[in-house]
Every structure is written in C-alpha cells, then in structure tokens.
Amino acid sequence: MLNHAAAAGQLDWSRAALDGCSLPAPRGGEQTGRNPTDRGKLGSKLHLLIDASGLPLAITLTGANVHDSRQLEATLDAVHGVRTGEGCGKLLG
C-alpha cells in the first residue's frame, strides 16, 4: 500500500505523529501488560505512526503498560523501505 501511495505522490514525509491506543486483553498473551488506565486489568497497546496527511506508516503492539515514548524507535523501525517512481525503482526511507 505504501509503495502505491508513494508512486502516486501521496506520502507526506514532512511530519509524522505517533500515538497509542489501549485495548483489553482478558485472555492474556505475550503482548499484554497491566493497563494503568483500566484498574490494572490485562491489556495490549497499539502504537500507530502516521504521515502528515494521516496515512498509516507502521503499527506495533506491546503490553498496555508500555508508554508511547518507549516504543518510538521500534515503531519507526517498523516502517519498511518504500519504493516510488516509474517501476518502483527508487527506494525511500
């Protein structure tokens, strides 16, 4: 999807934003943790990175007790190389 958006000139690399969303995970699992905003119940957190126009670039999953700032590097690393141009020959990122 990102390759097609880049080829169409729709990716705006001038700014990016990272935010997280906590979700309940009552069954537990590897990517869960005690949610500080939900009385310590088990939960997971999705960390989403978007470009300036709101297009999703990457998403990572952690336990609900992981702060967004601690996941910044991992979420940036989750943005794969994006190809653009004729034949997708030019690699960005």
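All values derive from a computational prediction rather than experimental measurement.

Reading guide: rules and limits
- Residues numbered from 1 in each chain as written.
- Predicted model: local features only at pLDDT ≥ 70, side-chain atom pairs only at ≥ 80, totals over all residues.
- Heavy atoms only, no water.
- pLDDT = per-residue confidence, 0-100.
- Contact = heavy atoms within 4.5 Å.
- Salt bridge = Lys/Arg side-chain N within 4 Å of Asp/Glu carboxyl O.
- Buried < 20%, exposed > 50% of the residue type's maximum accessible area, 1.4 Å probe, protein only.
- Helix = DSSP H or I, 4+ residues; strand = E, 2+ residues; numbered from the N terminus.
- Core = buried A, V, L, I, M, F, W, Y, C linked by side-chain atoms within 4.5 Å.

Asks: Give a description of the confidence of the model for the protein that names residues and reports values.
Replies: Per-residue confidence for the protein averages 85 on the pLDDT scale, and 87% of its residues sit at or above 70. Segment residues 86-93 is flagged for pLDDT under 50; beyond a separation of four residues in sequence, or across chains, it makes 13 contacts in the model.

Asks: Any chance you could break down the pattern of salt bridges for me, citing the residues and the numbers?
Replies: Pairing of side chains with opposite charge becomes possible as their charged atoms draw close. Scanning the entire structure with this criterion turns up two salt bridges. The shortest N-O distance in the salt bridge between Asp38 and Arg39 comes to 4.0 Å. The exposure class assigned to Asp38 is partly exposed, which follows from its relative accessible area of 25%. On the basis of relative accessible area, Arg39 is assigned to the exposed category, the value being 69%. One salt bridge connects Lys45 with Asp68, and the closest N-O pair in it is separated by 3.8 Å. Of this pair, Lys45 sits in strand β3 (residues 42-51) while Asp68 is found in the loop between β4 (56-63) and α2 (72-77), placing the two residues 23 residues apart along the sequence. Considered together, Lys45 and Asp68 belong to a single accessibility category, that of buried residues.

Asks: Which residues make up the nonpolar core, and what values go with them?
Replies: Most often, soluble globular proteins have nonpolar side chains that are buried together. Counting six residues, the largest nonpolar core is built from Leu2, Ala5, Ala6, Leu11, Leu49 and Leu57. Non-local contacts of Leu57, meaning those with residues more than four positions away in its chain, are made with Leu2, Leu11, Trp13, Leu49, Ile50, Asp51 and Val79.

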